[in-house]
Amino acid sequence: MAGHRTLLGRPLGRRPTALRDSAPRRTLRLSRHQEGARPMHDETTIGARLRALRRWRGMSLDELAGLAGLSKGFLSMAERGQRALDRRSHIAALANALRVSETDLTGGPHLGPDPVQSEPHAYVSPLRVALESNSFHADPVVERARPLPELVALMTGHVEKHRRAYDYITVGQDLPDLIDELHWHVAQPADEAAQRLALETLVEAYMCAAGMARSLRHPDLGQFAATRADEAAVLLDDPIARGKAAFSVIRPNAANWHRVQTLAERAADRLQPHIRDDRDVPVLGMLTLNAALAAAASRNRDAAEHWLNEAADLARRVPDDLKNNWQAFSKTNVAIWRVTVGVELGKGGGEVAELAKGVTEAKLDIHPGRKTCFLADVGRGLARDPKWRNDAIRWLRRSEETAPQRFRNDPKVAETIAVMLEQARVAAQGRELRGMAARMGIPH
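Residues numbered from 1 in each chain as written. Predicted model: local features only at pLDDT ≥ 70, side-chain atom pairs only at ≥ 80, totals over all residues. Heavy atoms only, no water.

(A) Highlighting the overall build of the protein. Counting its secondary structure elements, the protein contains 23 helices and zero strands. Every one of the 444 residues in the protein was classed for burial, and the buried ones make up 58%. In the protein, 71% of the contacts between residues at least 6 apart in sequence involve partners at least 24 apart. (Helix = DSSP H or I, 4+ residues; strand = E, 2+ residues; numbered from the N terminus. Buried < 20%, exposed > 50% of the residue type's maximum accessible area, 1.4 Å probe, protein only. Contact = heavy atoms within 4.5 Å.)

(B) Examining unusual backbone geometry more closely. A positive phi angle, near 70°, is found at Arg217, a position not held by glycine. For Arg217, the position within the fold is in the loop between helix H11 (192-215) and helix H12 (219-236). Here Asp237, not a glycine, exhibits a phi torsion of approximately 55°, which is positive. Within the secondary structure, Asp237 sits in the loop between H12 and helix H13 (239-249).

(C) How the structure looks around the side chain of Thr106. Mapped onto the elements, Thr106 comes out in helix H6 (residues 102-106). In this structure Thr106 comes out as buried when scored by relative accessible area, which is 14%. With sequence-adjacent residues up to four places away left out, Thr106 is seen in contact with Ile46, Arg49, Ile91, Arg217 and Pro411.

(D) Region of the structure containing the packing of aromatic side chains. Under the definition given, this model contains three aromatic pairs. Summarising the aromatic geometry, the rings of Tyr166 and Tyr168 are spaced 5.9 Å apart at their centres and angled 65° between planes, so their arrangement reads as edge-to-face. An identical accessibility class is assigned to Tyr166 and Tyr168; each is buried. Aromatic side chains Phe247 and Trp326 sit 5.7 Å apart centroid to centroid with 70° between the ring planes, which places their arrangement in the edge-to-face category. Within this pair, whereas Phe247 is found in helix H13, its partner Trp326 is found in the loop between helix H16 (301-315) and helix H17 (331-344), the two being separated by 79 residues in sequence. By relative accessible area, Trp326 is classed as buried at 13%. In this arrangement the basic side chain of Arg398 is found over the ring face of Trp395, its NZ or CZ atom lying 5.2 Å from the centre. (Phe/Tyr/Trp six-rings, centres within 6.5 Å; stacked < 30°, edge-to-face > 60°. Lys NZ or Arg CZ within 6 Å of the ring centre and 35° of its normal.)

(E) Inspection of the pattern of salt bridges at higher detail. Taken as a whole and assessed by the stated rule, the structure comprises 31 salt bridges. A salt bridge links Arg54 to Glu79; its shortest N-O distance comes to 2.7 Å. Pair noted here: Arg54 is in helix H2 (residues 46-57) and Glu79 is in helix H4 (residues 72-79), with a separation of 25 residues, a long-range link. Its relative accessible area of 10% is what places Arg54 among the buried residues. For Glu79, a relative accessible area of 6% gives the class buried. Put simply, Asp114, Arg397, Glu400, Glu401, Arg408 and Arg439 are held in one network by salt bridges that share partners. (Salt bridge = Lys/Arg side-chain N within 4 Å of Asp/Glu carboxyl O.)

(F) Looking closely at the packing of helix H15 (residues 281-297) against H16. Two elements in contact, H15 and H16, have axes separated by 8 Å at closest approach and are oriented at 165°. Taken together, the axes of H15 and H16 lie roughly antiparallel to each other. Two packed elements cross with a definite hand, and for H15 against H16 that hand is left-handed. Between H15 and H16, the contacting residues are Val281, Leu284, Gly285, Thr288, Leu289, Ala291, Ala292, Ala295 and Ala296 on the first element and Ala303, Ala304, Trp307, Leu308, Ala311 and Leu314 on the second. Along the lines of polarity and charge, the residues of the contact of H15 with H16 split into 13 nonpolar, two polar and no charged. (Axes fitted to C-alpha atoms, helices over the stretch in contact; angles between N-to-C directions. Parallel < 35°, antiparallel > 145°, perpendicular 65-115°, else oblique. Left-handed = near helix turned anticlockwise from the far one by under 90°. Nonpolar A, V, L, I, M, F, W, Y, C, P; charged D, E, K, R; others polar.)

(G) Quick look at the environment of Pro126. Considering the arrangement of structural elements, one finds Pro126 in helix H8 (residues 124-133). Take Pro126: its relative accessible area is 11%, and that puts it in the buried class. Each C-alpha atom of the pair Pro126 and Pro176 lies 6.4 Å from the other, and the pair is 50 residues apart in sequence.

(H) Examining the nonpolar core more closely. In terms of nonpolar packing, the biggest core is built from 88 residues, with Leu175, Ile179 and Phe329 touching the most fellow members. Setting aside residues up to four positions removed in sequence, Phe329 forms contacts with Val281, Pro282, Gly285, Met286, Leu289, Ala311, Leu314, Ala315, Val318, Asp321 and Val334. By size, the runner-up hydrophobic cluster in this structure holds 34 residues, among which are Val378, Leu382, Trp395 and Ala414. (Core = buried A, V, L, I, M, F, W, Y, C linked by side-chain atoms within 4.5 Å.)

(I) Spotlight on the confidence of the model for the protein. Summing up the model confidence of the protein, the mean pLDDT is 87 and the portion of residues at 70 or higher is 88%. Note on residues 1-5: pLDDT under 50 across the span, and 10 contacts to partners over four residues away in sequence or across chains. Residue range residues 11-42 is modelled with pLDDT below 50. Its contacts to residues more than four positions away, or to other chains, number 74 contacts. (pLDDT = per-residue confidence, 0-100.)

What follows is the structure in structure tokens.
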């Protein structure tokens, strides 16, 4: 047994160098200062930040419009808070033209007065520590770990359940210790099978960390976590695990959308020959959906439609089961992404309402995360047409009720609400919008 070597080439039974005695459950609360903090940015809309950045660069509206491929009239209205800058392609084009990051435009993480919006941010720091202090080629940072089956059950059960509900507070309490202890099992497993199971679970744990970090507006930390997922998948030397990690690494959040689209398409093509059975289909399906959204953000309407159709074909091979399919890939999920892609392509009002009819909403009750994103995307799309504004408010309110932590930290939703506030002329609209704005930390 002492001479047996595992995937990492280490003899079994090696003792780690302990950096701390145990892995206690992290339970954090915000300080009084944090609970009462105002947003860290003064600008209400992305357009207001755009105006400040444009003037800082010494550009005229004509110059910026020409570099970004957008109309001067549209940018003028956006800067005045009359049009929402909530399309990825617009934000990417403007960030490139101004030579700034997307976060400079959308605004970084902030703490508002609402604890549901702000408290999840308290768990980013311990998550960062877990990501930065663990390595696949060094001794684990903990001296002991819970049994591997218990950790696997925690990740696939409790943590996954709350991840799907975008409950970052509950996820944040468990995920850092879970990552620490899974690394312990990778470093000194009972056998190679145990090491592979620990690595497979780490792929999911790091993907969960990436999603949480990105949703709380820490894109660099999210990309770091996704890269760690890919490192675990490389050690497994399993194409399906690499495909899962690719879904997290090649996310539609980069400024160079053409590159993201190319990487997503290559990942899907690379995985295609390795699909062994229908259990692997959702991995390929989610990669095709990534490619569709990246194509939409690249303003390539034909490619976006192609990849949506590819995803629909794959969805016919698996049950329409958001609970048990990996990343909820299914016929219903493809219909949700059609809405997301449509909104990214600039559709609004009645067009978005028609796309929403393709989603059987009752099926989403089992997956609050998918439901809140669907409701928010429909609301954002409807808000683009003044005739649909009352309906937009109702859809957005329902999204907030479904997963408030996710909703109140979404910069695209914040941009829509801030612009609608500027546009509001009816008292009833204003009251409802001001309520959502207050909970998101938007000056109102």
